[in-house]
Structure formats: C-alpha cells, structure tokens
Amino acid sequence: MSLAKNFEANVKRQLLGVDNVYVLRLYDTMFDARGIHNPCDFIAYEKPNMILLECKTTAGASLPFKNISDNQWNDIYEATKKAKGIIGVILVWFYEKDTTLAFDIRTLTEMKNQGIKSIRYDSSGNGIIKVNGTKAHKYFTYDFKSMLKEIHSWK
C-alpha cells in the first residue's frame, strides 16, 4: 500500500476511535474511473457539523494546489456554501517535515483567489490548524478530538 493510502487508513482508524464521531470512508474510484468521482476521502459527522475531509501527502515543504483535483475543490467548496454546518477540510501530511495541517477549504479558496499556488508546512492563520500528534515509527497518532474542536470554530 502506498504512503498516501496508509495515511488515509491511519486517519480513518483514528477518527473511528473518537467518541461521538461518525466516519464514512468514500470509495476511491482511482482517477475518476468511468466518470465517477467523490468529493473527498471521508465524511465525518460530529454534532452539529458534517465535515468533508480530503487527505493529501507530500514529501516537500509545500503542496501545490494542482494536487487537489478541480472536482474535489469545487465539490467541497460548493457544499460549504450550500448548507450551514458543512465544513470542508484538506488534511495535509508534510511527511518529510513531520507536520500535519488541516486547512479550511474556504481559506484555501481565498488564497487561490489571491494568486497563491501552494500551501506550506509552516502555514498558520485563520482556517489553518496544526494537528498535534505523536510519531510512532513512520506514522502519527493524532489528537483528532482537539482538531475537531478547532474545526467546529471555523463556522
């Protein structure tokens, strides 16, 4: 299994362990096979919000916006505009930097509209959360409960 797929599996396992959180892993269609695409990797629900969560990994210090497909970007962003209580999150593991950040899709859209082309491992500000965790071998055990609490404040 690839590093990215292992990261997704790790995220799923840990999110499933958070009390009062429902997690649905969406089927990975592998490159829009047969014209089918999913907006994200996971749908998580923790009262009162539904979170559309897309996981990304990168070796470098930044993740180019082009690594988020147009379908993912547009579907997640439009969902956040459509209904109050839907939050779009891009979770990025900068694995050579041992850093994981959660980005609000609305913050990323503002950045993109300003001409910014990528997100960095040392990004900070509104709509950006450093996800704390403890590294065990290659992967992290994350404090997703704290991350979710912060995400809920993005409303």
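Definitions and cut-offs
- Residues numbered from 1 in each chain as written.
- Predicted model: local features only at pLDDT ≥ 70, side-chain atom pairs only at ≥ 80, totals over all residues.
- Heavy atoms only, no water.
- Pairing = 2+ DSSP bridges.
- Helix = DSSP H or I, 4+ residues; strand = E, 2+ residues; numbered from the N terminus.
- Axes fitted to C-alpha atoms, helices over the stretch in contact; angles between N-to-C directions.
- Contact = heavy atoms within 4.5 Å.
- Salt bridge = Lys/Arg side-chain N within 4 Å of Asp/Glu carboxyl O.
- Buried < 20%, exposed > 50% of the residue type's maximum accessible area, 1.4 Å probe, protein only.
- Arc of directions from axis to C-beta.

1. Quick look at the sheet that holds strand S1 (residues 22-25)
With respect to topology, 6 strands assemble into an open sheet ordered S1-S2-S3-S5-S6-S8, the strand pairing being mixed. Every other strand in the sheet has two partners, leaving S1 and strand S8 (128-130) as the edge strands with one partner each. Strand-to-strand twist across the sheet, computed as the mean angle between neighbouring axes with direction ignored, equals 25 degrees. Strands in contact with helix H1 (residues 3-16) are S1, strand S2 (42-46), strand S3 (49-58), strand S5 (86-94) and strand S6 (99-104); relative to S3, the strand with the most contacts, it is inclined by about 150 degrees. Contacting S3 and S5, helix H2 (residues 70-82) runs over the sheet at an angle of about 140 degrees to S5.

2. Considerations on the pattern of salt bridges
If you walk through the whole model with that rule in mind, you get 9 salt bridges. The salt bridge involving Glu-8 is made with Lys-5; its shortest N-O contact spans 3.3 Å. Remark: Lys-5 and Glu-8 occur in helix H1; sequence separation between them is 3 residues, near one turn of the helix. A salt bridge links Lys-135 to Asp-98; the nearest nitrogen and oxygen atoms lie 2.8 Å apart. Of this pair, Lys-135 sits in strand S9 (residues 133-136) while Asp-98 sits in the loop between S5 and S6; the two residues are 37 residues apart in sequence, bridging distant segments of the chain. Several salt bridges converge on common partners, so that one network encompasses Lys-5, Glu-8, Arg-25 and Asp-41.

3. With respect to helix H4 (residues 144-152)
Three or more residues of H4 are buried, namely Phe-144, Met-147, Leu-148, Ile-151 and His-152. When H4 is viewed along its axis, its buried side chains cluster within an angular range of 135 degrees and face the same direction.

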